[in-house]
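Below, each chain spelled out in residue letters.
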Amino acid sequence: MTAADRSQFVYVTFIRTTPARLWEALTDPQFIRQYWFNTTVACDWKKGSPWKMVGPDGSLTDSGEILEIDPPRRMVIRWQNEWKPELKAEGLSRCTIELEPVDSAVKLTITHEIDRPESNFITAVSGGWPRILSNLKSLIETGEIAITSQPGH
Amino acid sequence: MSNADLLFKALADPGRRKLMDRLHANDGQTLSELCQHLDMTRQGVTQHLAVLEAANLVAVQRRGREKLHFLNPVPLQEIYDRWIRKFERPRLKALRDLKRRLEEDGED
């Protein structure tokens, strides 16, 4: 498969913290809710376990499975939209989350890909991640979130 | 140089902004692909990409022998949160106050 046959983005942020603390921030449902606009995740973080994203009103927005997990370094989530039929119809995507210590910070890399060109699902999630990552960085480094609501909410 | 300095320095060059536009239009390109439609030498593009990478505006991934370049918008979001959002707040508050006043008037 060539790059043209898939849709993908790679987002990177450096957060002044430890891998263990960042891992906790990425897996603790209460913490996730604070930087993910009241959306949270239900998962027991074991290989093969179901993974679910739950919106503020308790509805299922995305679902999937933990394909790989190696705390506090790396996880791969099989990810499917459950919220919009046209995005769900695009099928399974793969989200890889990698943590790497760099000096006194942790480099957090989010790679999200789907094996189809011009994916609307990838376009939709790519718009959300920068705000989520900016919020996460701000929350960990300063104890405050930068953005309290999504545009249009 | 601080991260913010690297970031603003990277953004200060029109050639680098053009490269960012290229990646925005078509993400995950090799150096050769990026060079194709640009009026820049290969060496110039390489140097600009290094500056963008140091500022974390471009993320690089290896796939086999290829090196793919991806636009990373997260630092731009951080600039937005740090430098722009606060100037929107008074305007949003003014709109909110106006809405409240109009709705209160409607109830009279």
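Conventions adopted
Each chain has its residues counted from 1, running along the sequence as written. Written order decides the labels, with chains lettered from A and ligands numbered from 1. For this predicted model, a pLDDT threshold of at least 70 governs which residues receive local features, and a threshold of 80 or more governs which side-chain atom pairs are given and counted, while totals over whole chains, interfaces and linings are taken from all residues. Secondary structure elements follow DSSP: runs of H or I of four or more residues count as helices, runs of E of two or more count as strands, with numbering from the N terminus. The globule rule used here is 2.2 Å times the number of residues to the 0.38 power, and the radius of gyration it is set against is calculated over C-alpha atoms. Residues with at least 20 neighbouring C-beta atoms inside 10 Å of their own are called buried, those with 12 or fewer are called exposed, and the rest are partly exposed, where every C-beta is derived from the backbone. Note that contacts rest on C-beta atoms placed from the backbone: two residues are in contact if these are within 7 Å. Nonpolar residues are Ala, Val, Leu, Ile, Met, Phe, Trp, Tyr, Cys and Pro. Charged residues are Asp, Glu, Lys and Arg, and all others, Gly as well, are polar. Start and end points for every domain follow an automatic or database-based domain assignment. Only C-alpha atoms enter the line fits that serve as axes; for helices the fit covers just the stretch in contact. Angles between N-to-C directions range over 0 to 180 degrees. Any angle that is under 35 degrees is reported as roughly parallel, and any over 145 degrees as roughly antiparallel; angles of 65 to 115 degrees are reported as roughly perpendicular and all others as oblique. Each helix should span, by expectation, one fewer than its residue count multiplied by 1.5 Å. Here pLDDT means the predictor's own confidence in every residue, given as a number from 0 to 100. Throughout this description, the term nonpolar core refers to a group of buried Ala, Val, Leu, Ile, Met, Phe, Trp, Tyr and Cys residues whose C-beta atoms join them within 7 Å. Two strands qualify as a pair provided that DSSP identifies no fewer than 2 bridges between them.

Considerations on the overall build of chain B
Then, number 1: Broken down by element type, chain B carries five helices and two strands.
Then, number 2: Listing the helices and strands of chain B from first to last along the sequence gives α-α-α-α-β-β-α.
Then, number 3: For a compact globule of 108 residues, the expected C-alpha radius of gyration is about 13 Å, and chain B comes in at 20 Å, more than 25% above that figure.
Then, number 4: Projected onto its principal axes, the C-alpha positions of chain B cover 70 × 30 × 25 Å.
Then, number 5: Burial statistics for chain B: of 108 residues in total, 25% are counted as buried.
Then, number 6: Taking the intrachain contacts of chain B between residues at least 6 apart in sequence as the baseline, contacts between residues at least 24 apart amount to 53%.

Digging into the interface of chain B and chain A
Then, number 1: Taken together, the contacts link 13 residues of chain B with 14 residues of chain A.
Then, number 2: Every element with two or more residues in the side of chain B that touches chain A is listed here: β1 (58–63), β2 (66–71) and α5 (74–107) of chain B.
Then, number 3: Looking at the side of chain B that touches chain A, the element that brings in the most residues is α5 of chain B, giving four residues.
Then, number 4: Grouping the amino acids of the side of chain B that touches chain A by side-chain chemistry returns five nonpolar, five polar and three charged.

Some thoughts on the domain arrangement of chain B
Then, number 1: One can read the domain layout of chain B as domain 1 (1–72) and domain 2 (73–108).
Then, number 2: The interface of domain 1 of chain B with domain 2 of chain B comprises six residues on the first partner and four residues on the second.

Description of unusual backbone geometry
Residues and elements named next belong to chain A.
Then, number 1: Along the chain, Pro 71 connects to Pro 72 via a cis peptide bond; the corresponding omega equals -5°.
Then, number 2: Mapped onto the elements of the fold, Pro 72 is located in the loop between β4 (60–70) and β5 (74–81).
Then, number 3: A positive phi angle is found at Phe 37, which is not glycine, with a value near 55°.
Then, number 4: Mapping Phe 37 onto the fold places it in the loop between α2 (29–35) and β2 (40–42).
Then, number 5: Backbone geometry places Asp 103, a non-glycine residue, at a positive phi of 50°.
Then, number 6: As for its position among the elements, Asp 103 is in the loop between β6 (93–102) and β7 (105–114).

Looking at the packing of helix α2 (residues 14–25) of chain B against helix α4 (residues 42–54) of chain B
Think of two packed helices as two axes; the pair is described by the angle between the axes and how far apart they sit.
Residues and elements named next belong to chain B.
Then, number 1: Two elements in contact, α2 and α4, have axes separated by 10 Å at closest approach and are oriented at 80°. Comparing the axis directions of α2 and α4 gives the class roughly perpendicular. Contact residues: α2 offers Gly 15, Arg 16 and Leu 19, while α4 offers Val 45, His 48, Leu 49, Val 51 and Leu 52.
Then, number 2: Looking at the contact of α2 with α4 residue by residue, the class counts come to five nonpolar, two polar and one charged.

Focus on α4 of chain B
Residue and element names in this part refer to chain B.
Then, number 1: Here α4 spans 18 Å end to end across 13 residues, near enough to the 18 Å set by a 1.5 Å rise per residue.
Then, number 2: Residues of α4 that are buried in the fold lie against α1 (3–11), α2, α3 (31–36), β1 and β2.
Then, number 3: Count one or two residues on from α4 and you reach Asn 56, which has phi positive near 65°.

Focus on the confidence of the model for chain B
Then, number 1: Scored by pLDDT, chain B comes out at a mean of 89, with 97% of its residues at no less than 70.
Then, number 2: Here the predicted complex scores 0.85 on pTM and 0.79 on ipTM.

Focus on the nonpolar core
Then, number 1: Grouped together as the largest cluster of nonpolar side chains are 42 residues, with contacts concentrated most on Tyr 11, Leu 22 and Leu 108 of chain A together with Leu 19, Leu 52 and Val 58 of chain B.
Then, number 2: A per-element tally of this core places helix α4 (residues 120–142) of chain A first, with six residues.
Then, number 3: With sequence-adjacent residues up to four places away left out, Leu 22 of chain A is seen in contact with Ile 15, Thr 17, Pro 72, Leu 99, Val 106, Leu 108 and Ile 140 of chain A.

Let's talk about the sheet that holds strand β1 (residues 7–15) of chain A
All names here are of chain A.
Then, number 1: One open sheet holds the seven strands; their spatial order is β1-β7-β6-β5-β4-β3-β2, and the pairing between them is antiparallel. If you trace the sheet from one side to the other, it starts and ends with β1 and β2, each paired once. The sheet shows a mean angle of 25° between the axes of neighbouring strands, direction not considered.
Then, number 2: Here β4 runs beside β5; their pairing, made up of eight bridges, is antiparallel. The partner of Gly 64 across the bridge, within β5, is Trp 79.
Then, number 3: Against the sheet, helix α1 (residues 19–27) touches β1, β6 and β7, its axis set at about 155° to β6.
Then, number 4: Against the sheet, α4 makes contact with β1, β5, β6 and β7, and its axis sits at roughly 5° relative to β1, the strand it touches most.

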